[in-house]
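Geometric and topological summary
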Amino acid sequence: MKKQIWLPALAWVGGIAGFALRRWEWNTAYDSVTRLMSTTLAGGLLTALMIVLAVAFILGCRGVGRRSAADWFYAPSGGYAMAALSGALVMLLGGGFGLRQLYAGGERNMMSLAAFLLLIVGGATAAVLAREIYRGIWSAKATPIMLMLPSFGALFWLVCVYQQHARQPEVQLYAWQLLSAVAIVLALYGQVTLSLDKGGAGRTCVYGLLAIALTPAALADGADFAHSLVWLGSAVWLTAQSYMLLNAAFGPERPERMCPPEEAEQPEEETELEDTDNGQ
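Reading the values: rules and limits
Residues numbered from 1 in each chain as written. Predicted model: local features only at pLDDT ≥ 70, side-chain atom pairs only at ≥ 80, totals over all residues. Heavy atoms only, no water. Helix = DSSP H or I, 4+ residues; strand = E, 2+ residues; numbered from the N terminus. Buried < 20%, exposed > 50% of the residue type's maximum accessible area, 1.4 Å probe, protein only. Contact = heavy atoms within 4.5 Å. Phe/Tyr/Trp six-rings, centres within 6.5 Å; stacked < 30°, edge-to-face > 60°. Lys NZ or Arg CZ within 6 Å of the ring centre and 35° of its normal. Expected span 1.5 Å × (residues − 1).

Right, let's get into the overall build of the protein chain. Counting its secondary structure elements, the protein chain contains 10 helices and 2 strands. The proportion of buried residues among the 280 residues of the protein chain is 45%. Of the contacts formed within the protein chain by residues at least 6 apart in sequence, a portion of 82% connects residues at least 24 apart.

For the coordinates displayed, the defined rule picks out 4 aromatic pairs. Aromatic side chains Phe 152 and Tyr 189 sit 6.3 Å apart centroid to centroid with 55° between the ring planes, which places their arrangement in the tilted category. Of the two residues, Phe 152 is situated in helix α6 (residues 142-165) and Tyr 189 in helix α7 (residues 175-195); the sequence distance between them amounts to 37 residues. Its relative accessible area of 35% is what places Phe 152 among the partly exposed residues. One Lys or Arg, Lys 3, reaches over the ring of Phe 250 and ends 4.4 Å from the middle of that ring.

With that settled, consider helix α5 (residues 110-135). The end-to-end C-alpha distance of α5, which contains 26 residues, comes to 38 Å, matching closely the 38 Å that a straight helix rising 1.5 Å per residue would cover. With its phi angle positive at about 80°, Gly 136 sits one or two positions after the end of α5.

All right, on to the side chain of Thr 125 then. Among the secondary structure elements, Thr 125 is positioned in helix α5. Excluding its chain neighbours within four sequence positions, the residues that come into contact with Thr 125 are Met 146, Leu 149 and Pro 150.

This part covers the environment of Trp 231. Note that Trp 231 resides in helix α9 (residues 225-250). For Trp 231, a relative accessible area of 1% translates into the label buried. Residues Trp 231 and Gly 87 lie 144 residues apart in sequence; the distance between their C-alpha atoms is 9.7 Å. The residues touching Trp 231, leaving out its near neighbours within four places in the chain, are Trp 157, Val 161, Gln 177, Ser 180, Ala 181, Ile 184, Thr 215, Ala 218, Leu 219 and Ala 223.

Below is the structure:
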C-alpha cells in the first residue's frame, strides 16, 4: 500500500485505539472526589502507543525531499477534495458554534472571540483552497495568505484550550488536549512555510499525522461541542493535507501545466499577422 494511504490510515487507527485507552484511563484512574488521576496501565499503554506512532511517522516520512511550493499543493483526487472540504466546513462550524456559545453564555473573553472568528474565516478560506489544490491552481501570493488564516485561528484556539485548564493543577487531565492542539498548530504553520518555499515537508507531515493520532485521545476527555468540532475538522483537514504532501513526495510526478486555449491560439494569430505583413 502506498505511503500516502497507509500513513494517514495508521494515524486514524492509532487514534481510535488511543481514544479507547484514554476512556479506559478515565474510568480506572480518575478520582471524582480528589479530582486527581493516578498512574495506571491504561495511561502507560496510551503513552507507549503514541511514542510508537511517532517513531513510525518519522520513519515513514523519511526521504520526502524538496520540491517547489506549487508542486506540494496539488492533489487531483476526488477523495482528497471531499476530505479537505469536509474538514474545512467542520472547522468553520466549530467557529460558528463557539461564537454561539459565547453569546448564549454572555462571556466577554476576547481571546475566544478572536479564535472563533478566525476559525470561521479560516474554515471558509480552507474550503476555497481545497478546490484550488484539487484543480491545480496555484498563486504565490494568495495561497500562503489563505493558509495563514486557519493557522492563526488554530493558534488563538490553542491559547483558549490552555486557558480552560490553566488553573487545573493535575496536568494528566488535559495533557492530551494540549499535545493535540500544539501538533495541529505546528502542522498548519508548517504548511504555510511550505507555501512560501521554506521549511520541511517531512517535518510537516509528521506533525500532521501526530495531530490526527492525538485528536481522538483529546476528544476522549469530553470537550464541549464547539471545541470538539474544531478538533475533528482540523484532523480531517490534516488527513487530506498529509495525503497531499505524501502523494507529491512518493506518488506520480505532477504533469506539465497545459496552456489555456486562448494562450495556445495567440501564437497562431501572431504568425498569421506576420505572414500578412510580409505579403504586403
